[in-house]
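# Reading the structure
These are the residues of each chain, in order.
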Amino acid sequence: MLNFSDLLPYTDLLLKGLWVTVELTVYATLGGVAIGTACAAGRHYGGRLLRGAIGAYVELIRNTPFIVQLFFIFFGLPALGIKLSAWEAGLIAMLINLGAYSTEIIRAGLAATPKGQVEAAKVLGLSANQAFFRVILIPAFEKIYPALTSQCIIVMLGSAVVSQISVMDLTYAANLIQSRNFRSFEAYSVVAAMYLLFAILMRQAFDALGRYLFRHRRSS
Amino acid sequence: MIEFTNWDLLRNLLLAARWTVVLSLTAFIGGALVGLLLTTLRLTRRRPLQWLVRIYVEVFQGTPLLMQLFLVFFGLSLLGFDISAWAAAAIALTLFTSAFLTEIWRGCIDTLPKGQWEASRCLGLSFMQTIKNVILPQAVRVALAPTVGFSVQVIKGTALASIIGFVELTKAGTMLNNATFEPFKIFAMVALIYFLMCYPLSLASQRLEKKFNGAR
């Protein structure tokens, strides 16, 4: 009944799709965490207006489905004259999505830094920048690193939806294969296994990176 | 071509949103029941059972919800069941929800001191008595906030049922868009309706977290 050998001729297609998913994930992770860091800092130190604007952005994104955000960007924005390719729209949706979630995660890390540490840094003569990076930001990242890792993986898995606007990612490859040979269950189970493997590898890569980044810090 | 006024659009979207609510409730209640069963299995001291639960959680947390939907939809029809998009979505979302709730509840139970289990055993309570009278009342307080928070993920997850053709809020949005070519307005309305459903739950979750974290 099940026949996985029918998938063999499509190995190239699957690998190409996997590569698109990997690429999107890498860009979205780097950009999303950068957006999150900037917004978290803005929300922590900014004025009322900035704090309110960032808060609205975070809540709006966190309380609507990713697929609706994607459709809004891909179908809705061209009405305003902003034309985007499917790939660009997919990446932007992922960036905005991860940006909002990581803002909230990083903000929690910033808030968890005891005030006394900041005062101590000042007394020791650290400049404002030094104090922010060494005393506040890096320890905050260390605290929230596991949560951030999970969120990046969730965004990677969520990226399967970009196939719906014809980005040729891993899921798109599965859709294409099943439309040609009607082996839908086989195609989707193999692709699901590829996602699972990627998620596991991603977690290990993040763990390794975390051990490197925070190597000088005592473990608490 | 049919003309749609703003009111027509909103009315049709709201009518479709009922199905989003029904699907969310089904998945959440079903997921909570399966999750409760899995959590209990995990607490028994049977290694193979614990492993099975762990693999189940890992698989559902490590694969896209969209793949789970496709696999249920196409897998069950392969087995000879004539399955509707509604049933496939309800089953897939129930399984997805159960895996996440099992993981959330595991974390909550693990925050309880081990001494509670040991004390119950010394007092001669059975496994079920320990869970019912000692663990559950405490764990529920801790679990309430993250559980309510996860219900937001369930509602958002139901949007994917549109891809296998179940007409809920998102699908209604794409259908109306195909008829009117006003994507900006329609998807903004769709997003707003989701927001109105999800935001109160997010707020409730935050409130509960503050309340119970303060109490402990």
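Residues numbered from 1 in each chain as written. Chains lettered and ligands numbered in written order. Predicted model: local features only at pLDDT ≥ 70, side-chain atom pairs only at ≥ 80, totals over all residues. Heavy atoms only, no water.

### A look at the overall build of chain B
Along its length, chain B carries eight helices and zero strands. For chain B, the sequential pattern of α-helices and β-strands runs α-α-α-α-α-α-α-α. In terms of its C-alpha atoms, chain B occupies a principal-axis envelope of roughly 75 × 45 × 25 Å. In chain B, which comprises 216 residues, the proportion classed as buried is 47%. Within chain B, contacts between residues at least 6 apart in sequence are counted, and of these 76% link residues at least 24 apart. For chain B, the computed accessible surface area is about 11,200 Å², with 67% contributed by carbon and sulfur atoms. Looking at chain B, you have 19 positive and 10 negative side-chain charges, and the mean spots of the two groups are 14 Å apart. (Helix = DSSP H or I, 4+ residues; strand = E, 2+ residues; numbered from the N terminus. Buried < 20%, exposed > 50% of the residue type's maximum accessible area, 1.4 Å probe, protein only. Contact = heavy atoms within 4.5 Å. Areas by Shrake-Rupley, 256 points an atom, 1.4 Å probe, with all protein chains shown as cover. Lys, Arg positive; Asp, Glu negative; His and termini not counted. Charge placed at Lys NZ, Arg CZ, Asp CG, Glu CD.)

### Considerations on the interface of chain B and chain A
Each partner contributes to the interface: chain B provides 35 residues, whereas chain A provides 37 residues. Together chain B and chain A conceal approximately 3,000 Å² of surface at their shared face, both sides included; 80% is due to carbon and sulfur atoms. By the criterion of area lost to chain A, the three top residues of chain B are Met67, Leu71 and Phe184 of chain B, representing 19% of everything that side buries. The interface formed by chain B and chain A holds zero salt bridges in total. Summed over the shared surface of chain B and chain A, the number is three residue pairs in polar contact (both at pLDDT 80 or more). Contributions of two or more residues to the side of chain B that touches chain A are made by helix H2 (47-62), helix H3 (65-78), helix H6 (127-157), helix H7 (169-180) and helix H8 (183-215) of chain B. Tallied by class, the residues present in the side of chain B that touches chain A amount to 23 nonpolar, ten polar and two charged. (Buried area = accessible area lost by both parts, 1.4 Å probe. Salt bridge = Lys/Arg side-chain N within 4 Å of Asp/Glu carboxyl O. Polar contact = N/O pair within 3.5 Å; in protein donor to acceptor, adjacent residues only side chain to side chain. Nonpolar A, V, L, I, M, F, W, Y, C, P; charged D, E, K, R; others polar.)

### Topic: the UniProt feature "domain: ABC transmembrane type-1" (unreviewed entry) in chain A
Annotation from UniProt places "domain: ABC transmembrane type-1" (unreviewed entry) at residues 18-206 of chain A. Secondary structure across residues 18-206 of chain A divides into 82% helix and 0% strand, with the first and last C-alpha atoms of the span separated by 19 Å. (UniProt positions renumbered as here; feature names shortened; annotations may be inferred.)

### Things to note about the UniProt feature "transmembrane region" (unreviewed entry) in chain A
All names here are of chain A. Feature annotation in UniProt places "transmembrane region" (unreviewed entry) on residues 24-45, 66-85 and 185-206, given in this structure's numbering. Along residues 24-45 the backbone is 100% helical and 0% strand, and the end-to-end C-alpha distance reaches 31 Å. Its end C-alpha atoms 18 Å apart, residues 66-85 is made of 55% helix and 0% strand.

### Describing the UniProt feature "transmembrane region" (unreviewed entry) in chain B
All names here are of chain B. When the UniProt feature table is mapped onto this chain, "transmembrane region" (unreviewed entry) is found at residues 20-43, 55-79, 85-105, 142-166 and 186-204. Along residues 85-105, the helical share is 100% and the strand share 0%, with 30 Å between the first and last C-alpha atoms. As annotated, residues 142-166 has a helix share of 64% and a strand share of 0%, and its two end C-alpha atoms lie 35 Å apart.

### Some details on the packing of aromatic side chains
Enumeration according to the criterion identifies 22 aromatic pairs over all chains in this entry. Summarising the aromatic geometry, the rings of Tyr188 of chain A and Phe74 of chain B are spaced 5.5 Å apart at their centres and angled 20 degrees between planes, so their arrangement reads as stacked. One end of the pair, Tyr188 of chain A, is in helix H8 (residues 184-213); the other, Phe74 of chain B, is in helix H3, on a second chain. Accessibility expressed as a relative area gives 21% for Phe74 of chain B, which makes it partly exposed. On the basis of an interplanar angle of 85 degrees and a centroid distance of 6.0 Å, the ring pair of Trp19 of chain B and Phe166 of chain B is categorised as edge-to-face. Here the residue Trp19 of chain B occupies a position in helix H1 (residues 6-43), and Phe166 of chain B occupies one in the loop between H6 and H7, the gap between them amounting to 147 residues. For Trp19 of chain B, a relative accessible area of 39% gives the class partly exposed. (Phe/Tyr/Trp six-rings, centres within 6.5 Å; stacked < 30°, edge-to-face > 60°.)

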